[in-house]
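The chain contents come next:
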Amino acid sequence: MMNNNPGPAVEAAGLRVVRGGRTVLDDLAFTLPRGRITGLLGPSGCGKSTLMRALAGSQAHVTGTLTVLGRPAGHRDLRPRVGYVTQAPSVYGDLTARQNLDYYAAVLGIPRHDRAGHVDHVLHDVDLTSHADALAGNLSGGQRGRVSLAVALLGEPELLVLDEPTVGLDPVLRRDLWALFHRLADDRGATVLVSSHVMDEAERCHRLLLLRDGRLLAEDTPDALRERTGADTVEDAFLRLVDQADAEAAQAAGQAAGEAAGQAKEATTR
Ligand SMILES: Nc1ncnc2c1ncn2[C@@H]1O[C@H](COP(=O)(O)OP(=O)(O)OP(=O)(O)O)[C@@H](O)[C@H]1O
């Protein structure tokens, strides 16, 4: 994939998202380098899907800066350039896998005479050629998820945003999907953001964003994270960073309480 813009695929600064009156992402700043696989990791509810929705332009109440492929997130020019797969497979059960893909290819504006070729290509990518003519409603959950992924691959998007794409898949399929993500990055230069709450998937990423309670705990390579924390695994590195952040927060709270008590005492002795 030719790329004249050497800047990162995504740049975020002061990114904040409010959902249901609560701040669920707070003051995030990070970049996603082009052509790399970045893992977005963190416990359930930490804000991974919200961040992905913001990148795809489908999240309300986003403030701060979020630039995607040189445009503000959600800009309509980004539509064919960003592939987004949500956790719930978004395919029509009463159409076959191939018909679903043909439909989405038309929506994307891929010319009719090119569609069959594109559809065959993405079916092959996700290893579903043998199920191309099965009704999506009759496919297993994992297979439907792969049809959704194939939809996102139509038109060779420059950025792929994949929300827990390997959840519930068997080890062979998980391995095959990770091999696909690496081919997309290495051979096509695609930028891939993959979320997971399974820390062993972190080892398969070039870079990681570790999220906790809507805040960024770390942005680094798996090796650098392990080195920096003296941990053997990314999971242990994450736990050490959590402990460190908690200790710092407790210290700051203690200091603030001490200062407030001091001020109160000063006021009463005046
Ligand atoms: N529609 C909503 N309205 C209000 N709050 C929401 C809504 N959806 C999610 N939230 C809250 O936003 C926070 C982040 O949720 P999000 O789905 O982004 O987390 P996540 O890290 O993707 O979780 P999981 O790994 O379980 O999918 C959570 O505290 C959640 O309760």
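Cut-offs used in this document
- Residues numbered from 1 in each chain as written.
- Predicted model: local features only at pLDDT ≥ 70, side-chain atom pairs only at ≥ 80, totals over all residues.
- Heavy atoms only, no water.
- Near = heavy atom within 4 Å.
- Polar contact = N/O pair within 3.5 Å; in protein donor to acceptor, adjacent residues only side chain to side chain.
- Helix = DSSP H or I, 4+ residues; strand = E, 2+ residues; numbered from the N terminus.
- Phe/Tyr/Trp six-rings, centres within 6.5 Å; stacked < 30°, edge-to-face > 60°.
- Buried < 20%, exposed > 50% of the residue type's maximum accessible area, 1.4 Å probe, protein only.
- Pairing = 2+ DSSP bridges.
- Axes fitted to C-alpha atoms, helices over the stretch in contact; angles between N-to-C directions.
- Contact = heavy atoms within 4.5 Å.

Student: Would you explain the site of the ligand in this entry?
Tutor: Near the ligand there are 15 residues, and of these Arg 22, Ser 44, Gly 45, Ser 49 and Thr 50 occur at the shortest range. In the model, an oxygen atom of the ligand is placed 3.2 Å from a nitrogen or oxygen of the Glu 164 side chain. Elements represented by at least two residues in the shell around the ligand include exactly strand S2 (22-32) and helix H1 (48-56). The element best represented in the shell around the ligand is H1, accounting for three residues.

Student: Even after reading the chapter, I still don't get the packing of aromatic side chains, so can you show me in this structure?
Tutor: Given two aromatic rings, their pairing is described by the distance between the two centres and the angle made by the two planes. Applying the stated criterion across every chain, the model contains four aromatic pairs. On the basis of an interplanar angle of 75 degrees and a centroid distance of 5.3 Å, the ring pair of Trp 178 and Phe 181 is categorised as edge-to-face. With a gap of three residues between them, Trp 178 and Phe 181 both fall in helix H5 (residues 171-188), about one helical turn apart. Neither Trp 178 nor Phe 181 differs from the other in exposure class; each is buried. Grouping aromatic residues by their ring pairs yields a cluster made of Tyr 92, Tyr 103 and Tyr 104.

Student: When you look at the sheet that holds strand S10 (residues 215-220) in this model, what are you seeing that I'm missing?
Tutor: Strand pairing in a sheet relies on backbone hydrogen bonds. The paired strands run either parallel or antiparallel. Across the sheet, six strands lie side by side as S6-S7-S8-S3-S9-S10; this open sheet has mixed pairing. The strands lining the two open edges of the sheet, one partner per strand, are strand S6 (82-85) and S10. With direction set aside, neighbouring strand axes in the sheet form an average angle of 15 degrees. Helix H6 (residues 222-229) rests against strand S9 (207-212) and S10 of the sheet, and its axis sits at about 105 degrees to S10.

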